[in-house]
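Report on the structure
Each chain, letter by letter, is given below.
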Amino acid sequence: MNQTSFSVPSSTGEAFARLNAVTTPTVEDLKLMVYVEAGGQGFYDVLAANAPNDKVRDILSLNGREEMGHAMRVCKAIKVMSGEDFAPPKPEDNPLRDFGLAPDTAVTREFLEHIAGLEVDGDKLYEGWAQGLANSDAAKLLRLNAREETAHSKRLEQAVALL
């Protein structure tokens, strides 16, 4: 089902640079986004494990689960656009599995505020991609992800207030 004939960067920075340069995504771009979104779950899982309290942990865990939901939704967009079945990689098969985050990364106000800004950028990226797609069904799926990226940012703001 997963065919990694496309190039998956070994670093999250390179992956984001490639994706942020795209205005109209191809199926290959969407496949890379699946890897990024699946890696987002691992990223949030690391943060949740280091959260200073249960409320912050719950917020981070929810964002992580929704990142995997985004990956699944992008898989649906791939199917709609190409007819190809594509599934998120298993964590051990994803070079972007946790964005290279150190296992002991501290959950600080500054770090969460930074991530909140990146989530807003994710909304803008998905919305721009949706506008560039001729396939309205795929565009609708990407717009759902866009809205949830902003919801992630708002949740992170709540987590900051809980620190």
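It should be noted that the structure appears before, not after, this text.
Here goes a summary of the coordinates provided. (Residues numbered from 1 in each chain as written. Predicted model: local features only at pLDDT ≥ 70, side-chain atom pairs only at ≥ 80, totals over all residues. Heavy atoms only, no water.)

**What about the nonpolar core?**
Stated precisely, the cut-off is as follows: Take the buried residues of types Ala, Val, Leu, Ile, Met, Phe, Trp, Tyr and Cys, join any two whose side-chain atoms come within 4.5 Å, and each joined set is a nonpolar core. Relative accessibility thresholds used throughout: buried, under 20% of the residue-type maximum; exposed, over 50%; partly exposed, between the two (1.4 Å probe, protein chains only). Here a helix means four or more residues in a row that DSSP labels H or I, a strand means two or more in a row labelled E, and each is numbered from the N terminus. Any two residues having at least one pair of non-hydrogen atoms within 4.5 Å are treated as being in contact.
Core analysis: the largest hydrophobic core is formed by 29 residues, its most contacted members being M33, V74, W129 and L142. Going through the elements one at a time, α1 (12-20), α2 (27-49), α3 (54-82), α4 (109-132) and α5 (136-162) are the ones with two or more residues in this core. Broken down by element, the residue count for this core peaks at eight residues, all from α2. Excluding its chain neighbours within four sequence positions, the residues that come into contact with M33 are L19, V74, L125, Y126 and W129. Ranked by size, the runner-up nonpolar core spans 17 residues in total, among them F43, V46, L47 and I59.

**Description of the packing of aromatic side chains**
So the rule is basically this: For Phe, Tyr and Trp, where Trp contributes only its six-membered ring, two rings pair if their centres lie within 6.5 Å, and the inter-plane angle classes them as stacked under 30 degrees, edge-to-face over 60, or tilted in between.
As enumerated under the stated definition, the model contains six aromatic pairs in all. Seen from their ring centres, F43 and F99 are 5.2 Å apart, and the 35 degrees between their planes marks the pair as tilted. With F43 in helix α2 and F99 in the loop between α3 and α4, the pair connects residues that are 56 residues apart, well separated along the chain. We classify F43 as buried; its relative accessible area is 9%. Measuring from ring centre to ring centre gives 6.2 Å for F43 and F111, while their planes differ by 55 degrees; the resulting arrangement is tilted.

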